[in-house]
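# A structural walkthrough
Spelled out, the chains give:
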Amino acid sequence: GEQLAAFRTQDGQAYVVDAYCPHLGADLAAGGRVVGDCIECPFHGWQFQGEDGKCTRIPYAEKVPDFARVRPWPSCEVNGMLLVWYHCEGIGPTWAVPEQREITTKEWVFRGQTEHLVDTHIQEIPENAADSAHLAFLHEPAILGGSDLRYTRSKLWDFMKHIWKAEWQPEPEPNEHCSRLLVQHSATIFGKHISLMDLTVSVRQVGPGLVFLIFEHAFLGHGIILQTVTPLEPLLQNVVHKIYYQKNVPAIIPKFILRAECIQFERDITIWNNKRYLPKPLLVREDSSIQKHRRWYSQFYSQKSTRLPVQKEGLDW
């Protein structure tokens, strides 16, 4: 529900501020321009510093009022992304986003991205990490069968299967805002194990909406997919996957990995777009990590977290 303006000053520093000028409400991001270390309003030329949002110049006024400012948002630029910290009670960042060394040093280079809109609550997406049973069922059919769930189990592609082993755990202090998932992937064709398809994926969730998926393959090298989940509306998420890979590996390899990941992710989207959140799900003993994940994720809510009056225990706003 917030409208923001992001800009880079002439010395290269990126800032994020409230989009609307406090003077008469013009959108700084629509026609505004950078002047030195300020963003200039396109309506009357008021200029605001990125660092603290303070107005430094009003072209037709003798004096700039001390209280003239736009709200600055805490942000950081890391791993090729500009990330904004949001806390509904205005508390500043309580943890930092880890830097992926290979991206910073350019050992791993950008090889593409996908973008999806998902009609669900933000909590539903990371919960998949703790649901190992869905991996074995939803993601077992070959990616050749695509992402339309009516056809993924077609007999045509039955000769190939994906086999997944996964274990999810929250991290201890001081990284209790993070969790880890170790995924071992293998594949069979006509029941025979194909070692070329063996893949280890180390997944680290950092906070509620950022995931690092690090790939390790015996022959095809190493890389990472960065997943960001950004809420656009109460039940609409923008999910972006960016892949970075060893630059000495042909680009077709990471593009294939991203495509395969995209197909599997779109199978999840069909479930998310149509499912209902059950605050008291009917679980069996093997599902214990789902409740564990919900307890871990609850740290990202606070007393003032937005709720509608009709929302009691569910997430369906």
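What counts and how
- Residues numbered from 1 in each chain as written.
- Predicted model: local features only at pLDDT ≥ 70, side-chain atom pairs only at ≥ 80, totals over all residues.
- Heavy atoms only, no water.
- UniProt positions renumbered as here; feature names shortened; annotations may be inferred.
- Helix = DSSP H or I, 4+ residues; strand = E, 2+ residues; numbered from the N terminus.
- Buried < 20%, exposed > 50% of the residue type's maximum accessible area, 1.4 Å probe, protein only.
- Contact = heavy atoms within 4.5 Å.
- Areas by Shrake-Rupley, 256 points an atom, 1.4 Å probe, with all protein chains shown as cover.
- Pairing = 2+ DSSP bridges.
- Axes fitted to C-alpha atoms, helices over the stretch in contact; angles between N-to-C directions.
- Domains from an automatic or database assignment.
- Salt bridge = Lys/Arg side-chain N within 4 Å of Asp/Glu carboxyl O.

The name given to the protein in an unreviewed UniProt entry is cholesterol 7-desaturase, with Eurystomus gularis as the source organism. Under the heading Cofactor (unreviewed entry), UniProt records this for the protein: "Fe cation". Under Sequence similarities (unreviewed entry), UniProt gives the following word-for-word description of the protein: "Belongs to the cholesterol 7-desaturase family."

## Focus: the overall build of the protein
Tallying secondary structure elements over the protein gives 5 helices and 17 strands in all. Taken over 317 residues, the protein has a buried fraction of 42%. Long-range contacts, defined here as pairs at least 24 residues apart, represent 50% of the contacts in the protein between residues at least 6 apart. For the protein, the accessible surface area stands at approximately 17900 Å², while carbon and sulfur atoms represent 55% of it.

## Focus: unusual backbone geometry
Following Glu173, the chain continues to Pro174 via a peptide bond in cis, the omega torsion being 5°. Relative to the assigned elements, Pro174 resides in the loop between β11 (160-170) and β12 (178-189). Located in the positive-phi region is Asn79, a residue other than glycine, with phi close to 55°. By the element assignment, Asn79 lies in the loop between β8 (75-78) and β9 (81-84). For Asn79, a relative accessible area of 4% corresponds to the buried category. Although it is not a glycine, Lys106 adopts a positive phi angle of roughly 65°. Within the secondary structure, Lys106 is located in the loop between α1 (101-104) and β10 (108-118).

## A few points about the sheet that holds strand β5 (residues 47-49)
Pairing within the open sheet is antiparallel, and its 4 strands lie in the order β3-β4-β5-β6. Where the open sheet ends on each side, the last strands, each with one partner, are β3 (33-35) and β6 (55-57). Averaged over all pairs of adjacent strands, the angle between strand axes in this sheet comes to 40°, irrespective of strand direction. One ladder, built from 3 bridges, connects strand β4 (residues 38-40) with β5; its direction is antiparallel. When the sheet's bridge partners are listed, Ile39 is paired in β5 with Phe48.

## Observations concerning the domain arrangement of the protein
Domain annotation of the protein identifies domain 1 (4-73) and domain 2 (101-295). For domain 1 and domain 2, the distance between their C-alpha centroids amounts to 40 Å.

## Some points on the UniProt feature "domain: Rieske" (unreviewed entry) in the protein
In the numbering adopted here, UniProt assigns the feature "domain: Rieske" (unreviewed entry) to residues 1-84. In residues 1-84, helix accounts for 0% and strand for 38%; the two terminal C-alpha atoms are 14 Å from one another.

## Focus on the pattern of salt bridges
Within this structure, the stated rule accounts for 11 salt bridges. Note that Arg8 and Glu77 form a salt bridge whose closest N and O atoms lie 2.7 Å from each other. Placement of the pair is Arg8 in strand β1 (residues 4-8) and Glu77 in strand β8, with a sequence separation of 69 residues. A salt bridge links Asp148 to Arg150, with the shortest nitrogen-to-oxygen separation between them at 2.7 Å. A relative accessible area of 29% means that Asp148 is categorised as partly exposed. Look at Arg150 and you get exposed, because its relative accessible area is 65%. Shared partners join several salt bridges into a network, and the residues in it are Arg101, Glu102 and Glu107.

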